[in-house]
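Chain by chain, the residues:
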Amino acid sequence: MSKPPLSARLTVWTLVVLLAAPIAITLAYSLAESWGARILPQGFSLEWYAKLWTDQRFLAAFGRSLLVCLAALTLSLVLILPALFVVFYYFPKLKGLMNLLVLLPFAVPPVVSSVGLLQLYAGGPLPLVGTPWILVLCYFTLSLPFMYRALANNLEAVNLPDLMDAAHLLGAGTTRAFLRVVLPNLRNGLLSALFLAFSFLFGEFVFANLLVGTRFETLQVYLYSQRTTSGHFTSAMVMSYFLFIGLATWVALRLQSRSA
Amino acid sequence: MTDLALTTDRPSHTAAPVNTGTLPAARPSPWRRRLPLLLLLPFGLVFALFQLAPIAWVAINAFQAGGDWSLAHFREILGSPWYHQSFTNSLDLAFWSSLAGLAIATLGTAALRRVPGRLQNAVVAFTTMSSNFSGVPLAFAFIVLLGMNGALTLLLQQLGLAEQFNLYSRGGLLVLYTYFQVPLAVLLLYPAFDALRDDWRDAAALLGAGPVRYWLRVALPVLSPALLGTFIILLANALGAYASTYALMTSNYNLVTIQIAGLVAGDIFLEPQLAAALSLLLMALLLLVTAVNQWLVARSRHV
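Because the structure is a prediction, the values reported are computed rather than measured.

1. Observations concerning the overall build of chain A
- Counting its secondary structure elements, chain A contains twelve helices and two strands.
- Listing the helices and strands of chain A from first to last along the sequence gives α-β-β-α-α-α-α-α-α-α-α-α-α-α.
- Oriented by its inertia axes, the alpha-carbon framework of chain A measures out at about 75 × 65 × 30 Å.
- Across the 260 residues that make up chain A, the buried fraction comes to 53%.
- The contacts in chain A between residues at least 6 apart in sequence include a share of 73% that link residues at least 24 apart.
- In the form shown here, chain A has an accessible surface area of approximately 11400 Å², with 67% of it arising from carbon and sulfur atoms.
- Charged side chains of chain A number 16 positive and 8 negative; the gap between the two group centres comes to 5 Å.

2. Section: the packing of aromatic side chains
- One pass over the full model with this rule turns up 33 aromatic pairs over all chains.
- The interplanar angle of 50° and the centroid separation of 5.8 Å between the aromatic rings of Phe58(A) and Phe62(A) together place this pair among those described as tilted. Of this pair, Phe58(A) and Phe62(A) both sit in helix α3 (residues 56–89), four residues apart, which is roughly one turn of the helix. We note that Phe58(A), like Phe62(A), is buried.
- With a centroid separation of 6.4 Å and 50° between ring planes, the pair formed by Phe193(B) and Trp215(B) is classed as tilted. Remark: Trp215(B) occurs in helix α12 (residues 211–240) and Phe193(B) occurs in the loop between α10 (170–189) and α11 (198–206); sequence separation between them is 22 residues.

3. Description of the interface of chain B and chain A
- Between chain B and chain A, the contact holds 82 residues from the first and 86 residues from the second.
- The contact between chain B and chain A buries some 7400 Å² in all, and 81% of this surface belongs to carbon and sulfur atoms.
- Here chain B and chain A share zero salt bridges between them.
- Taken together, chain B and chain A are joined by three residue pairs in polar contact (both at pLDDT 80 or more).
- Along the lines of polarity and charge, the residues of the side of chain B that touches chain A split into 60 nonpolar, 15 polar and seven charged.

4. Some details on the environment of Phe133(B)
- Relative to the assigned elements, Phe133(B) resides in the loop between α7 (117–131) and α8 (135–146).
- Its relative accessible area of 0% is what places Phe133(B) among the buried residues.
- Spatially, the C-alpha atom of Phe133(B) lies 30 Å from that of Val292(B), the residues being 159 residues apart in sequence.
- Each residue touching Phe133(B), except ones within four places of it in the same chain, is listed here: Ile23(A), Val238(A), Phe242(A), Leu138(B), Ala141(B) and Tyr179(B).

5. So, the pattern of salt bridges
- Counted under the stated rule, the structure contains four salt bridges over all chains.
- One salt bridge in this structure joins Arg57(A) and Glu217(A), with 2.8 Å as the shortest N-O distance. Of this pair, Arg57(A) sits in helix α3 while Glu217(A) sits in the loop between α10 (206–212) and α11 (219–225), and the two are 160 residues apart along the sequence.
- Note that Asp194(B) is salt-bridged to Arg113(B), the shortest N-O span being 2.5 Å. Placement of Asp194(B) in the loop between α10 and α11 and of Arg113(B) in the loop between α6 (81–112) and α7 is noted, with a sequence separation of 81 residues between them.
- According to the relative accessible area criterion, Arg113(B) is partly exposed, its value standing at 23%.

6. Description of a nonpolar patch on the surface
- On the surface, Trp31(B), Leu35(B), Leu38(B) and Leu41(B) cluster together into a nonpolar patch covering about 470 Å² of accessible area.
- Structurally, the position occupied by Leu41(B) is in helix α4 (residues 37–61).

7. Focus: unusual backbone geometry
- Even without glycine at this site, Asn159(A) takes up a positive phi of about 60°.
- Position of Asn159(A) among the secondary structure elements: in the loop between α7 (132–158) and α8 (160–169).

8. Remarks on the side chain of Thr234(A)
- For Thr234(A), the location among the structural elements is in helix α12 (residues 231–259).
- Residue class for Thr234(A) comes out buried when judged on its relative accessible area of 7%.
- With residues up to four places along the chain from it excluded, the contact list for Thr234(A) reads Gln226(A), Thr229(A) and Phe140(B).

9. Notes on the side chain of Ser114(A)
Residues and elements named next belong to chain A.
- Topologically, Ser114 is positioned in helix α6 (residues 110–120).
- Overall, Ser114 belongs to the buried group, its relative accessible area being 0%.
- Excluding residues that lie within four positions of it along the chain, Ser114 makes contacts with Phe207, Leu210 and Leu211.

10. Considerations on the packing of α6(A) against helix α14 (residues 256–265) of chain B
- Remark: α6(A) packs on α14(B), axes separated minimally by 9 Å, with the N-to-C direction vectors making an angle of 10°. The orientation of α6(A) relative to α14(B) falls into the category roughly parallel. Of the residues in α14(B), those touching α6(A) at Val111(A), Val112(A), Val115(A), Leu118(A) and Gln119(A) are Thr257(B), Ile260(B), Ala261(B) and Val264(B).
- A breakdown of the residues in the contact of α6(A) with α14(B) according to their chemical character gives seven nonpolar, two polar and no charged.

11. Some thoughts on α3(A)
All names here are of chain A.
- Taking 1.5 Å per residue, 34 residues should reach 50 Å; α3 reaches 49 Å between its end C-alpha atoms and fits that length.
- Considering bend angle alone, the principal kink of α3 is centred on Ile80 and spans about 25°; proline Pro82 follows within four residues of it.
- For α3, the capping residue at the N-terminal end is Asp55, with a side-chain oxygen 3.2 Å from the backbone nitrogen of Arg57.

12. Side note on the confidence of the model for chain B
Residues and elements named next belong to chain B.
- With 89% of its residues at a pLDDT of 70 or more, chain B shows a mean pLDDT of 85.
- Helix α1 (residues 2–6) is the least confidently modelled element of chain B, averaging 39 in pLDDT, while α6 averages 96, the highest of any element.
- The model gives residues 1–22 a pLDDT under 50, and that stretch makes 23 contacts with residues more than four places away or in other chains.
- For this predicted complex, the interface score ipTM comes out at 0.89, while the overall pTM is 0.88.

13. Some details on the state of the cysteines
All names here are of chain A.
- Under the counting rule described, the total for this entry stands at zero disulfides over all chains.
- There is no disulfide at Cys69, and the cysteine sulfur nearest it, in Cys138, is 13 Å away.
- Look at Cys69 and you get buried, because its relative accessible area is 2%.

14. Let's talk about the nonpolar core
- Residues Ile134(A), Tyr139(A), Phe50(B), Tyr242(B) and Ile260(B) are the most contacted members of the largest nonpolar core, which totals 172 residues.
- Ignoring anything within four residues of it in the chain, the contact list for Ile260(B) reads Val111(A), Val112(A), Val115(A), Ala275(B), Leu278(B), Ser279(B) and Leu282(B).
- Listed in part, the ten residues of the second largest apolar core include Leu119(B), Val123(B), Val124(B) and Tyr190(B).

Definitions and limits used
- Residues numbered from 1 in each chain as written.
- Chains lettered and ligands numbered in written order.
- Predicted model: local features only at pLDDT ≥ 70, side-chain atom pairs only at ≥ 80, totals over all residues.
- Heavy atoms only, no water.
- Helix = DSSP H or I, 4+ residues; strand = E, 2+ residues; numbered from the N terminus.
- Buried < 20%, exposed > 50% of the residue type's maximum accessible area, 1.4 Å probe, protein only.
- Contact = heavy atoms within 4.5 Å.
- Areas by Shrake-Rupley, 256 points an atom, 1.4 Å probe, with all protein chains shown as cover.
- Lys, Arg positive; Asp, Glu negative; His and termini not counted.
- Charge placed at Lys NZ, Arg CZ, Asp CG, Glu CD.
- Phe/Tyr/Trp six-rings, centres within 6.5 Å; stacked < 30°, edge-to-face > 60°.
- Buried area = accessible area lost by both parts, 1.4 Å probe.
- Salt bridge = Lys/Arg side-chain N within 4 Å of Asp/Glu carboxyl O.
- Polar contact = N/O pair within 3.5 Å; in protein donor to acceptor, adjacent residues only side chain to side chain.
- Nonpolar A, V, L, I, M, F, W, Y, C, P; charged D, E, K, R; others polar.
- Patch = residues over 30% accessible without salt bridge, like charges linked within 9 Å, V, L, I, M, F, W, Y side chains within 5 Å.
- Axes fitted to C-alpha atoms, helices over the stretch in contact; angles between N-to-C directions.
- Parallel < 35°, antiparallel > 145°, perpendicular 65-115°, else oblique.
- Expected span 1.5 Å × (residues − 1).
- Bend = angle between axes of the 7 residues up to and from the residue.
- pLDDT = per-residue confidence, 0-100.
- Disulfide = S-S within 2.5 Å.
- Core = buried A, V, L, I, M, F, W, Y, C linked by side-chain atoms within 4.5 Å.

So this is what it looks like as structure tokens:
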């Protein structure tokens, strides 16, 4: 490889600056005591963070978001793992269909799904609209592309049939072989997918706002409701949120590079 | 693939003991072989109820009016300048932000592939993080940066570069959309650059082609399927976007997604079937775009 030209470095740094600019300004704004109609902020203070992290409504919304996301990811694990194993081990012909189906949550905008969801679950036998349950179930579908793709790639890589045959020869039943042999091999990929899906779900606004709204106020809905309050306060909120999902993404990437 | 050929007899390993002696391994009865399908059931049920059923509801109800099958909603949409505008606005934002995002990402990724590995990894990690920075928080960050009293707005005004940059306008939305398209495009394009071999650049240089010609005649044609595919995903991403526009403008910018949401959860009157018809048109648009992409990729010589 030829030595990196200066222009390449400059372009990369320009890209980083462009992507970092809104985040950096928000950080500066959240730390500024006041920032009137000037270019530079005045004073430095953590008061906005102190105010935010003692705000009961914020903490409650944060907790609710955490709860819904963790519940959705647990459900996702419980449902996807057996399904994926069955497809890959017994019915590999279904792989094509699954690959197509798990893309649906990405291909169909949440606004479109919510039109049907609002009508189907507002009353009837499953009156879920307005409850956290509908978010858990919808977030399960949203997490599918992350979870399925990551796990499917890993399953292809570990050569499932050979692994299972070896375990069977050594006397393990299918369930035991799956739990003791296959699952440990998927661990890093699985954890990475979970963290990535988590940072995605934590930022979900459309379903949270349209299907549940203030009846079970999640972080994004709370964030939206605060749009008219002080810019410093919302900046502190945005930064806290970004650090949180940034951390989750970072852990996911570390796990990914370790499993590769 | 070899494992496909082996699959037919695989379940027998699990059902029959390995040392069956002289007898060939007994094949389990058909219903036994289908037993594992039961494990697919819970997954399939939840997926059907919360992903397929809503789409089916939309598909059916778009054609319903007053309890009968009818095209009334489509006629209403096609005859309404208001809904026309929502589609043109959505397409306009999606097209230009995808194009700008793709251009910036292609330049950035090309440069990224030429810098040392450590910097590459760090930038990819940062890009992944910023790809999750979207929706409401992103809109807030842009208000701080580019709003009426945003730091950058004031700076640009003092430098006399942009007297009236207005975040709450088409231009502002374009900047916002382009911002969230770039990280996605970089992450999608990054692996595609593996197809470019370093010696091609050297070979082109030996044959007398400068960087511009190398890019036009070698690199871009090789990358074209990846670029097209990425463009389509960006387009779909922008057409379906709702949260950031809503957070910035509430309902003051006429987009398809804003109209759909307003018809099912608005303040005035609700018309879910009209929303379904709009949704169906939006999905048809996405399908059309994907089909055109498939056709273009199939025609490209460099797959």
